[in-house]
Amino acid sequence: MRTHFILSFFLLALASSCSLTRNIPDNSYLLRRNKIAIEDSQVKADELRTFVRQKPNRKILGFYRFHLSIYQLADRGTENKLKYWMKNTIGEPPVIYEPFLADATARQFELYMHSKGYFNSHVDYHTIFNNKRATVTYHVTGNQPYSIREIDYTIGDSHLEGFVLHDTINSLIRRGNRYDADILQEERLRISRQLKNQGFYQFSREFIFFRVDSTLSNHQLDIEVVISNPQDVRPARTNNQFQSRHRRFIIDQVNIFPDYSPFRPTTAFSDTTTYLLSKGTEEYTYNFFHAGRMQIRPRTIINNIMLEQNNYYSIDDVELTYAHLSRLRNFRIINLQFLENTQPYGGSPSDTLGYLNAQVELSRSPSNAFTVEAEGLNTSGNLGVAGNVIYHNRNVFRGAEVFNLRLKGALEVSGESRADEVIQRLPFNTLEVGAEASIDFPKLLFPIRMEQLSKTARPKSTVLTGINFRQRPDYTRFIYNLSYGFEWSPESRKRQHLYPIEISSIKVFNDSLLQAKIPDNNPLLQSRFKDHLITGTKYSYSFSSQELGRDVDFMYFRGNMEIAGNLLYFVSKQIDAPRDENQSYQLFNIPFAQYIKGDADFRYYKVYDRDNTLAFRLMAGVGIPYGNLNVLPFIKSYYGGGANSVRAWRIYSLGPGGYQDSLDVRFDSYGDIKLEANVEYRFNIYKFWKGALFADAGNVWFLKDNPQFPGGNFDPGNFYKDIAIGTGAGMRLDFDFFIVRVDAAFRVRDPARPQGSRWISGTPEWRDWNFNLGIGYPF
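A few points on the structure. In this text, all values refer to a predicted model and were calculated from it rather than measured experimentally.

Time to look at the environment of Y670. Topologically, Y670 is positioned in the loop between strand 26 (612-625) and strand 27 (673-686). Sequence separation between Y670 and K636 is 34 residues, and the spatial gap between their C-alpha atoms is 9.5 Å.

Turning next to the layout of surface pockets. In this structure, the second largest pocket occupies an estimated 1,200 Å³ of space. The wall of the second largest pocket is formed by 24 residues, among which R49, K55, P56, Y608 and D609 lie closest to the centre. When residues of the lining of the second largest pocket are traced back to their parent elements, those giving at least two are strand 1 (30-39), helix 2 (45-49) and strand 25 (595-609). Residue contributions to the lining of the second largest pocket peak at five residues, all from strand 1. Classifying every residue of the lining of the second largest pocket gives seven nonpolar, five polar and twelve charged.

To continue, consider the nonpolar core. Core analysis: the largest hydrophobic core is formed by 28 residues, its most contacted members being I256, Y286, I301, L325, F331, F338 and L362. Elements represented by at least two residues in this core include exactly strand 9 (248-257), strand 11 (282-290), helix 8 (298-302), helix 9 (315-327), strand 12 (331-340) and strand 13 (353-364). Apart from residues lying up to four places away in sequence, L325 is in contact with I301, N304, I305, F331, I334, V360 and L362. If you look at the next biggest cluster of nonpolar residues, it comprises 21 residues, including L160, F203, I223 and V225.

Another point: the pairing of strand 31 (residues 770-775). Burial along strand 31 is one-sided: N770, N772 and G774 are buried, and none of F771, L773 and I775, which face the opposite way, are. Relative to strand 31, strand 30 (residues 739-749) is paired through six bridges, and the arrangement is antiparallel. Bridge pairing links A744 to F771 in strand 31.

Here is what the cut-offs are and how they apply
- Residues numbered from 1 in each chain as written.
- Predicted model: local features only at pLDDT ≥ 70, side-chain atom pairs only at ≥ 80, totals over all residues.
- Heavy atoms only, no water.
- Helix = DSSP H or I, 4+ residues; strand = E, 2+ residues; numbered from the N terminus.
- 1 Å grid on protein atoms, 1.4 Å probe; cavity = no way out; pocket = protein on both sides within 12 Å on 5 of 7 lines; lining within 4 Å.
- Points joined across faces, edges and corners; volume = space filled by probe spheres on them.
- Nonpolar A, V, L, I, M, F, W, Y, C, P; charged D, E, K, R; others polar.
- Core = buried A, V, L, I, M, F, W, Y, C linked by side-chain atoms within 4.5 Å.
- Buried < 20%, exposed > 50% of the residue type's maximum accessible area, 1.4 Å probe, protein only.
- Contact = heavy atoms within 4.5 Å.
- Pairing = 2+ DSSP bridges.

By themselves, these figures tell us nothing about what the structure is for.
In structure tokens, the structure reads:
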């Protein structure tokens, strides 16, 4: 199984590491490793690693100090410009062990243990020196931690006290729990936010502090939560400070400035429009200050403002208002200001009650925009170049509807080549042109009022139509499509898409090359490349736990479900519509597809640090044709191989199953079922240069037996024997906004080989490598 190649790689890395201590001064040692041993503590070693003051040289692959090796290599012999660049850019100087930094680390560990309730903890360390290397082991003994006995609240403002005590059921501080200073800080933030959501606009976490009494016996302590009153400076002879109370604020007026300009913030607007919005028995007033006719209808703006007259101020409503207005894609500046109103319309201020005027300042983006794009393509693993001319109108019907018109032209490399290429003298054999028009509505088009939806659910509806022409060496096809769908996000990490109407008409012209590749006596395969119509419904759900800006583990999941043709089939059967020669019903003389299809894609990212990540992916999908057509349309079928799949196979060349092509009839392989697993280790080399090692496994299968492709159908008891496995390495240029990657992979297990010889041994030769050029990460 090509173990010689892999073993040689590890031996080379080991040999390189043997010279890492060269040029280390006498009585100095290269820091090899920091070990942390913890006893009698719930604190994990990973929590303490953040406080290590001196860390060894970086590793890639978990064991190889690549950057130190480059430094040592460039440090040999006479220095020149290349060596200087290698040494001071890619290279990393050896980290020399410093005892005083080990002392500082031990002190930091002790402070952290105290913050976690281990006030009697003990930290020491010892260092082992061997072959000019130093290994430091820190011994941390937690001993018995302090737990919380009593929690008391001291709140100087009786008006505020009720709101805090009423919410103690949600407190993060609990009796019997271990003391944790971080939990106390989180509780400060929780109380502060909860009060801001209750109308206490001027409250902040600075009013909250804690008194901790740890002088009790039995390793227990008491916590006193103290909330102080604000200081009020009143003009008087002595100019003294007086204790005042925390006031709860009500929104008195909502004033909206749709033509606000930051360059003329004091401009007086000539027109005022008052809009009344009814919600049940309540009426809310919104004041618009503008000059001339408003470009966006007031109702559209109001539907995305969560602030309501005579309601208490809420920080959640403020954040939702920012998010919803931004999502309209019509404003380049969105400001929310709150001004205290001492003479409100809705009541009288007091020492516990205040009134605010909410001021919403909106600066419009240009309504019309033209964009010309040039892009590199990686369409299903096919590489190419494309150009787009895009026109946007961000307010086509004065309701913040966004009209998009896209004209596209592309050249790609796909399929097989032949003498009469699509474009002569260029390295492309596929031509694609198309036009697409869509309108995004910032609401549901169904008769559901926005007021009936939750505050967080602000769906976007899209109506899209387009035409696409694609000419390959083996076939030419037209696609006409029309769809209506909407998307919404119940939470920031979740997104859902529902397309109740998806209509696609596919017309295929089978060229001689495709006809030559498909045997005449294989109607199952031929039917995939015939004209067909798709009318269906699609639902997608995605979830991501990624926290932007934090190097922590996260996961991603996406699931799709699609069903097509049932309604047309039912109607055709009820009216006894005529059938074609294949016993299929037709619409406009085109047979329509009928199937159900579902797939799921799960990914997990283990983030070791900002330079090292281990990514896992599992994908499974199945499409079941039935009724009117007995095969999936080829645009809905699954494929294997290529830059985003099992990379040791070229795109469309893997499978189906264990089919062995003894006649060398080459064709694009598709399937009704797909299983795939990938693992990829990603590491940083230098600046935007990244590296990767990966392994891929998977295949595609037919759902039904096809005599022309023995071994190509899915067998639940033996499918694992058809799993293809490949491995390889890659180089990526990561420019943040654009990623170019080159992956090289070779086959380790090939299911197209005879049973008993599917595992491939020996060092891969040049012809065994499959190179993939891709845009973006594979997953």
